[in-house]
Amino acid sequence: MIFSESDYRCMYQALQEAQHAFDEEEVPVGAVIVRDNKIIGRGYNQNLRLNDPTAHAEMIAITAAANHLNSSRLDGCTMYSTLEPCLMCAGAMLHARLEKVIFAAFDPKFGCCGSIHNHLEDGKFNHTIKVFSGLMENESQYFLRNFFQKLRN
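## Topic: the nonpolar core
The biggest cluster of nonpolar side chains holds 29 residues, and the ones touching the most others in it are Ile33, Ile62, Leu74, Met79, Met93, Leu98 and Leu120. Secondary-structure elements contributing two or more residues to this core are strand E1 (30-35), helix H3 (57-69), strand E3 (78-83), helix H4 (87-96) and strand E4 (100-105). Broken down by element, this core gets its largest block of residues, six residues, from H4. In this view, Ile62 contacts Ile33, Leu74, Met79, Ala92, Met93 and Ala96; residues no more than four positions away in its chain are not counted. If you look at the next biggest cluster of nonpolar residues, it comprises 16 residues, including Cys10, Ala14, Val34 and Ala104.

Right, here's the structure in full:
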């Protein structure tokens, strides 16, 4: 896929969210949800701060977008995430009926949108979501490398 200027702007906003997570010493993952070229939901990882293993960037962005639309369905929406979504987040995306997911970096340990499996496009559910990867991958990996290097030191 050839990414548009709008895709880059949206992923940049997701990277800004990842910066918030990094600054709070959380795994630096950020996400935004866009509908009609407008960001309607934002999130960054807050697992440690909230003592909540479900407080992933994608889950928080889904909740924010659903509240914005006053609907549990996010038809016509695109999720931009700095890291490949996990199984939990992929499931939430399917339930929310997102149209498309664009992520930056693959997650070989937990990724369920291409690395371990692609739950969003496998056709086994009553909804499928288009998946695209690699947008601003280097920038996302920079945050992740620095975070885990800092943890080890």
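## Some remarks on the pairing of E1
Within E1, five of the six residues are buried, leaving the element largely enclosed by the surrounding structure. Bridging between E1 and strand E2 (residues 38-44) involves six bridges; their strand directions are antiparallel. Residue Arg35 lies in a different strand from E2, and its bridge partner there is Lys38. Taking the residues between adjacent antiparallel strands as the criterion, E1 and E2 are bridged by two residues, where Asp36 takes a positive phi near 50°.

## Re the packing of aromatic side chains
How two aromatic rings sit relative to each other is given by the distance of their centres and the angle of their planes. In the structure shown here, the tally under the stated rule is four aromatic pairs. Ring centres of Phe103 and Phe106 lie 5.1 Å apart, and the angle between their planes is 90°; on these two criteria the pair is classed as edge-to-face. Ring centres of Phe147 and Phe148 lie 5.0 Å apart, and the angle between their planes is 80°; on these two criteria the pair is classed as edge-to-face. In this structure an aromatic cluster arises from ring pairing among Phe22, Tyr142 and Phe143.

## Section: the state of the cysteines
Within this structure, the stated rule accounts for zero disulfides. The thiol of Cys86 is not disulfide-bonded; the next cysteine sulfur, from Cys89, is found 3.7 Å away.

## Considering the side chain of Ser81
Structurally, Ser81 can be placed in strand E3. At a separation of 2.9 Å, a polar atom in the side chain of Ser81 contacts the side chain of Glu58. Among residues more than four places away in sequence, those in contact with Ser81 are Met11, Val29, Gly30, Ala31, Glu58, Ile102, Phe103 and Ala104.

## Observations regarding unusual backbone geometry
Here Asn37, not a glycine, exhibits a phi torsion of approximately 60°, which is positive. Residue position: Asn37 is located in the loop between E1 and E2. Positive phi outside glycine occurs at Asn70, with the angle close to 55°.

Criteria and cut-off values
- Residues numbered from 1 in each chain as written.
- Predicted model: local features only at pLDDT ≥ 70, side-chain atom pairs only at ≥ 80, totals over all residues.
- Heavy atoms only, no water.
- Core = buried A, V, L, I, M, F, W, Y, C linked by side-chain atoms within 4.5 Å.
- Buried < 20%, exposed > 50% of the residue type's maximum accessible area, 1.4 Å probe, protein only.
- Helix = DSSP H or I, 4+ residues; strand = E, 2+ residues; numbered from the N terminus.
- Contact = heavy atoms within 4.5 Å.
- Pairing = 2+ DSSP bridges.
- Phe/Tyr/Trp six-rings, centres within 6.5 Å; stacked < 30°, edge-to-face > 60°.
- Disulfide = S-S within 2.5 Å.
- Polar contact = N/O pair within 3.5 Å; in protein donor to acceptor, adjacent residues only side chain to side chain.

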